[in-house]
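Remarks on the overall topology
Chain by chain, the residues run as shown.
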Amino acid sequence: MEKVRVALIGLGQRGQQYLYDELLCHMDDVEIKVICDIYEDRMEASVGYILDKNRPAPKCEPDYKKAIDDPEVDVVLITTDWEMHVDVAVYAMKAGKITGMEVGGAYDLEDCWRLVRTYEETGTPFMFLENCCYGRLELMALNMARQGLFGEVVHCAGAYHHDLSSQICTGRKERHYRQRNYILRNTENYPTHDLGPIAKLLKINHGNRMLSLTATASKEAGMHDYIARVGEDKVDPGLKETHFAQGDIITTVIKCAGGETITLTLDTSIVNLGGRSFTVRGTRGLVDEQYRCVCCEDNGYNRNFNNFEEYMEKYDHPMWKDFFASGITGGHGGIDWLEFRDFFECVKAGKPMPIDVYDAASWMAVTVLAEQSIIMGSAPVCFPDFTRGKWVMAREKEN
């Protein structure tokens, strides 16, 4: 496959980033054949941008099934609201179209199983588009872990520190789906940015698996404080009297089959410093994003803050070395470019996808399980094994 012919389903914030952040329109081997959204103005604006980049105008189709069924489409990229992800992905795989699905938490474990069953029944290639797995720090830590610099890894942590108060409180005006989720659900609703890189490092589904979790929610105060600060005229009507179910801080602790623990923190509705607080702790070393620090046997356990640069020179992942050598940029500091190039190269070569359907199902399941745990007073809940035991075979093969 010399040219990858794409249908882009969903032109909200993330779908627009695919177009505007020096991604799809800057890749010579990608053709956008169809764009799809229920809002006409989004499609018109997207066509205008694509034409400005001297690319052929795509077809506009408000019905995602018709967009997927177009005979000129080989690959479907799904950037709809969270609630639609699984339905669109299942339809695309059944139509035999290579599927790339954006991130988000699941609403029901059956949705996760539907993804797995459809993939196993159809064999259609599927990739979960978790861009944070391509972060420079995360890939450096993966490289170091594989070389044994941390010794035996015992604990990992991550967070989504991102103040989304404005986006949540203007959800109806901006046609964004987060608001309804914060009103109706109380859970770790966006787990995969922090969990994805950790799961890769701990070989989840590929020699290890997540066994159980507990989740705890703080009270909700941030949304109403934000409304009081900015004024009711700056948010959607009626929000001052609205009850938000979502706690301001959600803390989730996961136990793995290998004995490791993982802590995830969702922090999106009160003042925060941003970042993902990526942390790896092992018997012989650590990496800590907050302090930009690597401390290990390699440096005599010197606890120097801000020493990332010297380690990146030595342990940068080959993907990032190639990225800098090519002089390319791309969305989110480059991680979107790396993610898409990895995906499209696998598409063209017919290789297995680097983030597969079993990763998608288990990472998305955190949202459902955390919701259950919170409802039951932070009680532990068990993870399904979406691989049906195949993770054990991967471990046996490696050993």
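The residue numbers shown here count from 1 along each chain, following its written sequence. Per-residue local features of the predicted model are confined to residues with pLDDT of at least 70, and side-chain atom pairs are confined, for both listing and counting, to 80 or more; whole-chain, interface and lining totals are unaffected and use all residues. Only hydrogens and water are removed before side-chain values are computed, so all heavy atoms of the structure are retained for them.

A few words on the overall build of the protein. Each helix and strand in the protein was counted, giving 16 helices and 14 strands. Computation of the radius of gyration draws on C-alpha atoms alone. For the globule rule, the value is 2.2 Å times the number of residues to the power 0.38. The C-alpha radius of gyration computed for the protein amounts to 21 Å, which stays within 12% of the reference 21 Å derived for 399 residues, consistent with globular compactness. Projected onto the principal axes, the alpha-carbon positions of the protein cover approximately 60 × 55 × 40 Å. Residue burial is assigned from relative accessible area. The probe radius is 1.4 Å, only protein chains are included, and a residue is buried under 20% of its type maximum, exposed over 50%, and partly exposed in between. Residues classed as buried in the protein amount to 57% of the 399 residues present. Computed with the Shrake-Rupley method and a 1.4 Å probe, the accessible areas treat only the protein chains shown as cover for residues. Of the accessible surface of the protein, which amounts to about 17,000 Å², a share of 51% is contributed by carbon and sulfur atoms. Taking the 44 positively charged and 61 negatively charged side chains of the protein as two groups, their mean positions are separated by 2 Å. Put simply, DSSP marks the helices as runs of H or I at least four residues long and the strands as runs of E at least two long, and each gets a number from the N terminus on. Counting rule applied: Lys, Arg positive; Asp, Glu negative; His and chain ends not counted. Positions of charges follow a simple convention, taking NZ of Lys, CZ of Arg, CG of Asp or CD of Glu.

For the rest of this paragraph, the subject is the sheet that holds strand β8 (residues 210-217). Sheet strands associate in pairs through backbone hydrogen bonding, adopting either a parallel or an antiparallel arrangement. DSSP-based pairing: two strands are paired if at least 2 bridges between them are found. Pairing is mixed in the open sheet, where eight strands are placed in the order β13-β12-β11-β7-β10-β9-β8-β14. Looking at strand neighbours, the two that pair on one side only are β13 (293-296) and β14 (381-382), the edges of this open sheet. Contacts between residues were defined by any pair of non-hydrogen atoms, one from each residue, lying within 4.5 Å. Axes here mean lines fitted to C-alpha atoms, for a helix over just the part in contact, with angles spanning 0 to 180 degrees between N-to-C directions. Strands β8, β9 (249-256), β10 (261-267) and β14 of the sheet are contacted by helix α15 (residues 357-375), whose axis makes an angle of about 50° with β8.

Turning to the packing of helix α10 (residues 192-201) against α15, a few remarks are in order. Look at α10 against α15: their axes get within 10 Å of each other, and the N-to-C directions meet at 135°. Between α10 and α15, the interaxial angle falls into the category oblique. The handedness of the crossing between α10 and α15 is right-handed. In contact with Thr192, Leu195, Gly196, Ala199 and Lys200 of α10, α15 contributes Asp359, Trp363, Met364 and Val366. As a working rule, the residues Ala, Val, Leu, Ile, Met, Phe, Trp, Tyr, Cys and Pro are called nonpolar, Asp, Glu, Lys and Arg charged, and the rest polar, with Gly in that last group. The residue makeup of the contact of α10 with α15, split by class, is five nonpolar, two polar and two charged. Should an angle lie under 35 degrees it is considered roughly parallel, over 145 roughly antiparallel, and from 65 to 115 roughly perpendicular; all remaining angles are considered oblique. Put simply, a crossing is left-handed when the front helix is turned counterclockwise from the back one by less than a right angle, and right-handed when it is turned clockwise.

Relative to the assigned elements, glutamate 130 resides in the loop between β6 (126-129) and α6 (136-146). Salt bridges are identified by distance alone: a Lys or Arg side-chain nitrogen within 4 Å of an Asp or Glu carboxyl oxygen. Of the side chains with opposite charge, arginine 276 comes closest to the buried, unpaired glutamate 130, at an N-O distance of 6.9 Å. Contacts described as polar in this section are N or O atom pairs within 3.5 Å, which, within protein, must combine one atom able to donate a hydrogen with one able to accept it, while residues neighboring in sequence count only if both atoms come from side chains. A polar side-chain atom of glutamate 130 sits 2.5 Å from a polar atom in the side chain of threonine 192. Residues contacting glutamate 130, with those up to four places away along its chain left out, are Val103, Thr192, His193, Glu339, Ile355 and Trp363.

Throughout, nonpolar core names a set of buried Ala, Val, Leu, Ile, Met, Phe, Trp, Tyr and Cys residues whose side chains join them through atoms within 4.5 Å. Counting residues in each nonpolar core, the largest one holds 126 residues, and the members touching the most others are Leu77, Phe343 and Phe344. Ranked by residue count, the leading element in this core is α15, at twelve residues. Residues contacting leucine 77, with those up to four places away along its chain left out, are Val6, Ala7, Leu8, Ile9, Tyr18, Leu24, Gly100, Leu129, Phe340, Phe343 and Phe344.

So, on to the packing of aromatic side chains. Pairing of aromatic side chains here covers Phe, Tyr and the six-membered ring of Trp, requires ring centres within 6.5 Å, and sorts the geometry by plane angle: under 30 degrees stacked, over 60 edge-to-face, intermediate tilted. Enumeration according to the criterion identifies 16 aromatic pairs in this entry. Between tyrosine 18 and phenylalanine 340 the ring centres are 4.7 Å apart and the planes differ by 80°, which places this aromatic pair in the edge-to-face class. Of this pair, tyrosine 18 sits in helix α1 (residues 13-20) while phenylalanine 340 is found in helix α14 (residues 335-349), placing the two residues 322 residues apart along the sequence. Note on accessibility: tyrosine 18 and phenylalanine 340 belong to one class, buried. Arranged with centres 5.7 Å apart and planes meeting at 25°, the rings of tryptophan 82 and tyrosine 190 form a pair that is stacked. A residue pair is termed long-range when its members are at least 10 positions apart, and tryptophan 82 in the loop between β4 (75-78) and α4 (85-94) and tyrosine 190 in the loop between α9 (178-184) and α10 qualify at 108 residues. Each member of the pair, tryptophan 82 as well as tyrosine 190, carries the same accessibility label: buried. An aromatic cluster of at least three residues, connected via ring pairs, comprises Tyr18, Phe340, Phe343 and Phe344. Either the NZ atom of lysine or the CZ atom of arginine qualifies as a charge over a ring when it sits within 6 Å of the ring centre and within 35 degrees of the ring normal. Just above the ring of tyrosine 39 sits the side chain of arginine 175; from NZ or CZ to the centre is 4.3 Å. A cation over a ring is seen here: arginine 178 above tyrosine 190, with NZ or CZ 4.8 Å from the ring centre.

Turning our eyes to something else, we now look at the layout of surface pockets. Both site types are read off a 1 Å grid over the protein atoms alone. A 1.4 Å probe that fits but cannot get out defines a cavity, while an open set with protein on both sides within 12 Å along at least five of seven lines defines a pocket; lining residues have an atom within 4 Å of a point. Grid points are joined across faces, edges and corners, and a volume is the space filled by probe spheres set on the points. The computed volume of the largest pocket comes to approximately 1,100 Å³. If you go around the largest pocket, you meet 48 residues; those closest to its centre are Gln13, Arg14, His176, Tyr177 and Tyr190. When contributions to the lining of the largest pocket are tallied by element, the ones reaching two or more residues are α1, α4, α6, β7 (153-161) and α9.

To continue, consider the pattern of salt bridges. What the rule picks out here adds up to 31 salt bridges. Between glutamate 31 and lysine 33 there is a salt bridge whose closest N-O contact spans 3.3 Å. Note that aspartate 70 and lysine 59 form a salt bridge whose closest N and O atoms lie 2.7 Å from each other. Placement of aspartate 70 in the loop between α3 (64-69) and β4 and of lysine 59 in strand β3 (residues 59-60) is noted, with a sequence separation of eleven residues between them.

Buried within α1 we find Arg14, Gly15, Gln17, Tyr18 and Leu19. Glutamate 22 lies just past α1 and shows a positive phi near 55°.

Read from one edge to the other, the open sheet built from six strands follows the order β3-β2-β1-β4-β5-β6, with strand pairing classed as parallel. The two strands at the open ends of the sheet, each matched to only one other strand, are β3 and β6. In this sheet, β3 lies alongside strand β2 (residues 30-36) in parallel orientation, the contact comprising two bridges. Residue pairing in the sheet places isoleucine 35 in a bridge with cysteine 60 of β3. In this fold α15 packs onto β5 (98-102) and β6, with an angle of close to 40° to the strand it touches most, β6.

Our next topic: the pairing of β2. When you tally the buried positions in β2, you get six out of seven residues, the bulk of the element. Pairing of strand β1 (residues 4-9) with β2 involves six bridges; the strand directions are parallel. Directly across from alanine 7, in β2, lies its bridge partner valine 34. On the question of chirality, the crossover connecting β1 to the parallel β2 by way of α1 is right-handed. Seen with the strands pointing away from the viewer, any crossover whose path from the first strand over the helix to the second strand runs clockwise is right-handed. Traced from β2 through helix α2 (residues 40-52) to β3, the parallel crossover comes out right-handed.

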